[in-house]
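Here's the letter readout for the chains.
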Amino acid sequence: MATRADRRASAAARQRLLPGGRLAGPMPWIIAIMMFLTVLAAAAGLGLGAAVGAMSADLAGRASVQVVEADAQVRDHLAARALAALRGVADVHAATAVDSVVLADQLRPWLGEDALSGDLPVPALIDVTLTPGDADIKVARLRRLLGGLSPTLRIEPHAAFLLPLAGLLSALGWLAVGVVVLMALATGAVVVLAARGAHGSHRGTIEVLHQMGATDVQIARLFQWRIGLDAALGGALGFAF
């Protein structure tokens, strides 16, 4: 069994055969930079995936009913009928009419003070929370129910409004995955090129070792140790940052 002194002597011998201190040369620093970018891209992909999942879960059971009617009295009457009908359906967990003042405040940034005037017909809104289950099937049933009351009643799931945003976030997440894969391949290529460069620069040393009886496996292990140590130190430094 090799003692601690033998291991130190073996390490010193490897150091003399393949000179170069820790983090010496450009390869460890290149790997550190690439590892930093890889971890950054992976974190971005995970964050975007979590954001899409949370947004989808939050909006999956929500929908809005619009009462598109110019006449204010007819609009209020239809809104009351729709609210009563929705509250009597098993697919609806809760239905709440949106206050017209709150709606006007939300429209003011786009429509200005005209949003508060009675001259501008603003649809009445009902916020609907669905019971757990397939939201698409429940929305389809509610659409048929409201269509029977009046053609001016429209229901739209909240997820439909943010579908383009969810698609964009998903695309960015897959882009981050692609960046991680490319960075991993590039890091592997850097290690291969560094190993080939070290092999070429130490060709004379390799020939002397062969003449002294060293096998190809023993020489390969020297390079594996040197390149592996540089790659591990560079990767740890980039990951830490």
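This report concerns the structure included in the present document. Residue indices follow the written sequence of each chain, beginning from 1 at its first position. At least 70 in pLDDT is required for a residue's local features to be given in this predicted model, at least 80 for side-chain atom pairs to be given and counted, and no such filter applies to totals for whole chains, interfaces and linings, which use all residues. Where side-chain values are given, they derive from all heavy atoms of the structure, hydrogens and water being excluded.

On to the side chain of Lys-138. For the purposes of this entry, the term helix denotes a DSSP run of H or I that reaches at least four residues, the term strand denotes a run of E that reaches at least two, and both are numbered from the N terminus. Inspection of the secondary structure puts Lys-138 in helix H5 (residues 135-149). For Lys-138, a relative accessible area of 9% corresponds to the buried category. A polar side-chain atom of Lys-138 sits 3.2 Å from a polar atom in the side chain of Thr-131. Look past the residues within four positions of Lys-138 in its chain and what remains in contact with it is Asp-91, Leu-130, Thr-131, Pro-132 and Gly-133. Per-residue accessibility, obtained with a 1.4 Å probe over protein chains only, is compared with the maximum for each type, and a residue is labelled buried under 20%, exposed over 50%, and partly exposed between these values. N or O atoms closer than or at 3.5 Å make up a polar contact, with two conditions inside protein: a donor-capable atom paired with an acceptor-capable one, and, for residues adjacent in sequence, both atoms drawn from side chains. The contact definition used throughout considers only heavy atoms, calling two residues in contact when any of these lie within 4.5 Å.

Here we come to the packing of helix H7 (residues 163-201) against helix H9 (residues 216-240). Packing of H7 against H9 leaves a shortest axis separation of 10 Å and a crossing angle of 135°. Relative to H9, the element H7 lies oblique. As for how H7 packs across H9, the hand of that crossing is right-handed. Residues Val-191, Ala-194, Ala-195, Ala-198 and His-199 of H7 touch H9, and the partners they reach there are Phe-223, Ile-227 and Ala-231. Axes here refer to lines fitted to C-alpha atoms; in helices the fit is confined to the stretch in contact. Angles between the N-to-C directions go from 0 to 180 degrees. For classification, angles of less than 35 degrees are called roughly parallel, those exceeding 145 degrees roughly antiparallel, those between 65 and 115 degrees roughly perpendicular, and all remaining angles oblique. Take the far helix as your reference; a near helix turned counterclockwise from it by less than a right angle gives a left-handed crossing, and one turned clockwise gives a right-handed crossing.

We now examine the sheet that holds strand E3 (residues 124-130). With antiparallel pairing, 4 strands are arranged side by side in an open sheet as E2-E3-E1-E4. Of all the strands in the sheet, just strand E2 (92-97) and strand E4 (153-157) have a single pairing partner and so form its edges. Taking the axes of each pair of neighbouring strands and ignoring which way they run, one obtains an average angle of 20° across the sheet. Strands are treated as partners if at least two bridges between them are detected by DSSP.

This next bit is on the pairing of strand E1 (residues 62-67). Note: E1 against E3, 6 bridges, orientation antiparallel. Directly across from Val-65, in E3, lies its bridge partner Ile-126. As paired strands, E1 and E4 are joined by 5 bridges and run antiparallel to one another. Residue pairing across strands places Ser-64 opposite Glu-156, the latter belonging to E4.

What follows deals with the environment of Ala-70. As for its placement among the helices and strands, Ala-70 is situated in the loop between E1 and helix H3 (72-87). Of the residues examined, Ala-70 reaches a relative accessible area of 61% and is grouped as exposed. Considered as a pair, Ala-70 and Leu-120 are 50 residues apart in the sequence and their alpha carbons are 8.7 Å apart.

Moving on, we get to the nonpolar core. Only buried residues count toward a nonpolar core. Its members are Ala, Val, Leu, Ile, Met, Phe, Trp, Tyr and Cys residues joined through side-chain atoms within 4.5 Å. Val-65, Leu-86, Ile-126, Val-128, Leu-146 and Ile-155 are the most contacted members of the largest nonpolar core, which has 20 residues in total. Elements supplying a minimum of two residues to this core: E1, H3, E2, E3, H5 and E4. The dominant element in this core, judged by the number of residues it contributes, is H3, at 5 residues. Ignoring any residue separated from it by four or fewer positions in sequence, one finds Val-65 in contact with Leu-86, Ala-124, Leu-125, Ile-126, Val-128, Leu-146, Arg-154 and Ile-155. If you look at the next biggest cluster of nonpolar residues, it comprises 10 residues, including Ala-214, Ile-219, Leu-222 and Phe-223.

Distances and angles like these do not, on their own, reveal function.
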